Amino acid sequence: AQSVAQPEDQVNVAEGNPLTVKCTYSVSGNPYLFWYVQYPNRGLQFLLKYITGDNLVKGSYGFEAEFNKSQTSFHLKKPSALVSDSALYFCAVSDISNFGNEKLTFGTGTRLTIIP
Amino acid sequence: KAGVTQTPRYLIKTRGQQVTLSCSPISGHRSVSWYQQTPGQGLQFLFEYFSETQRNKGNFPGRFSGRQFSNSRSEMNVSTLELGDSALYLCASSPRTGGRAGELFFGEGSRLTVL
């Protein structure tokens, strides 16, 4: 069974500082990994994904994520945080060996708060 | 291009009743998935439909069902509602093409409260 873990329920970062939201995964084969963001009272928005290739993936709104196979991690990063980045962030995984279905397994979410 | 539309946005039901939620995907998207979001369990996959066929199903009891129509619109139904069914139900559509697989476009959700 596939799973993801987001070890931090809450992350606080000062505006302008770099931010990191952590995610580790567990799958039987090679993973497809995703980050989604949820703003208050809204649905989720796709940020970025890793399938294969370069371990550093760039996405929307200046976010990027680094895939680390040896540590089974896929941490979300941004060099300089904005107050508007405050939201709930979800890491997700899909089993690549069974890809072609759209089932994503989500982590429990990390609430990111950027402090002005 | 219009986004994913879910109706109703909010609804209140009592235990034992049944509810139907509707989802209109982005034009051209043939895959529709449903997720349940609760504070305790997080986001849990309910089912996915593609071309009117259920392609995948999560670990939910048979009270939860869904269907997809020929125009890709989807409905999900929950019968014999329980208090624990109170949640935000999110619908997502996807182009389901190889290069963009997994990129789900979510609606704003239907918030169900069971009293």
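It should be emphasised that the depicted structure is a prediction, and the values quoted were computed from it without experimental measurement.

Definitions and cut-offs
Residues numbered from 1 in each chain as written. Chains lettered and ligands numbered in written order. Predicted model: local features only at pLDDT ≥ 70, side-chain atom pairs only at ≥ 80, totals over all residues. Heavy atoms only, no water. Helix = DSSP H or I, 4+ residues; strand = E, 2+ residues; numbered from the N terminus. Rg over C-alpha atoms; globule rule 2.2 N^0.38 Å. Buried < 20%, exposed > 50% of the residue type's maximum accessible area, 1.4 Å probe, protein only. Contact = heavy atoms within 4.5 Å. Lys, Arg positive; Asp, Glu negative; His and termini not counted. Charge placed at Lys NZ, Arg CZ, Asp CG, Glu CD. Pairing = 2+ DSSP bridges. Buried area = accessible area lost by both parts, 1.4 Å probe. Salt bridge = Lys/Arg side-chain N within 4 Å of Asp/Glu carboxyl O. Nonpolar A, V, L, I, M, F, W, Y, C, P; charged D, E, K, R; others polar. 1 Å grid on protein atoms, 1.4 Å probe; cavity = no way out; pocket = protein on both sides within 12 Å on 5 of 7 lines; lining within 4 Å. Points joined across faces, edges and corners; volume = space filled by probe spheres on them.

**Description of the overall build of chain A**
- Counting secondary structure elements, chain A contains zero helices and 12 strands.
- When the helices and strands of chain A are placed in sequence order, the string is β-β-β-β-β-β-β-β-β-β-β-β.
- Against the globule reference of 13 Å for 116 residues, chain A gives a C-alpha radius of gyration of 14 Å, in line with a compact fold.
- Projected onto its principal axes, the C-alpha coordinates of chain A cover approximately 45 × 30 × 25 Å.
- Residues counted as buried form 47% of the 116 residues belonging to chain A.
- Pairs at least 24 apart in sequence give 57% of the contacts found in chain A among residues at least 6 apart.
- The centroid of the 9 positive side-chain charges in chain A is displaced by 2 Å from the centroid of its 9 negative side-chain charges.

**A closer look at the pairing of strand 9 (residues 87-94) of chain B**
Residues and elements named next belong to chain B.
- The element strand 9 is extensively covered by neighbouring structure, given that eight of its eight residues are classed as buried.
- Across the two faces of strand 9 the burial is the same, with Ala 87, Tyr 89, Cys 91 and Ser 93 and Leu 88, Leu 90, Ala 92 and Ser 94 all buried.
- Two elements, strand 4 (residues 31-38) and strand 9, share seven bridges in a ladder whose sense is antiparallel. Among the inter-strand pairings, Val 32 is bridged to a residue of strand 9, identified as Ser 93.
- Pairing between strand 9 and strand 11 (residues 110-114): three bridges, direction antiparallel.

**Examining the interface of chain B and chain A**
- The interface is formed by 22 residues belonging to chain B together with 18 residues belonging to chain A.
- The contact between chain B and chain A buries some 1,800 Å² in all, and 51% of this surface belongs to carbon and sulfur atoms.
- Summed over the shared surface of chain B and chain A, the number is one salt bridge.
- Only strand 4, strand 5 (42-50) and strand 9 of chain B provide two or more residues apiece to the side of chain B that touches chain A.
- Residue contributions to the side of chain B that touches chain A peak at four residues, all from strand 4 of chain B.
- When grouped by side-chain class, the residues that make up the side of chain B that touches chain A number eight nonpolar, eight polar and six charged.

**As for the environment of B:Arg55**
All names here are of chain B.
- Its location among the elements puts Arg 55 in strand 6 (residues 53-57).
- Separated by 43 residues in sequence, Arg 55 and Ile 12 have C-alpha atoms that sit 30 Å apart.
- Residues contacting Arg 55, with those up to four places away along its chain left out, are Glu 48, Phe 50 and Arg 96.

**Focus: the layout of surface pockets**
- There is about 510 Å³ of room inside the largest pocket.
- As for the largest pocket, its lining consists of 25 residues, of which A:Gln38, A:Leu88, A:Phe90, A:Arg111 and B:Gln37 are closest to the centre.
- Only strand 10 (87-95) and strand 12 (110-115) of chain A together with strand 4 and strand 9 of chain B provide two or more residues apiece to the lining of the largest pocket.
- In terms of residue class, the lining of the largest pocket is built from nine nonpolar, 12 polar and four charged.
- If you trace the second largest pocket, you find 15 residues lining it, with A:Leu44, A:Gln45, B:Leu104, B:Phe105 and B:Phe106 closest to the centre.
- Secondary structure elements with two or more residues in the lining of the second largest pocket: strand 6 (44-50) of chain A together with strand 10 (105-106) of chain B.

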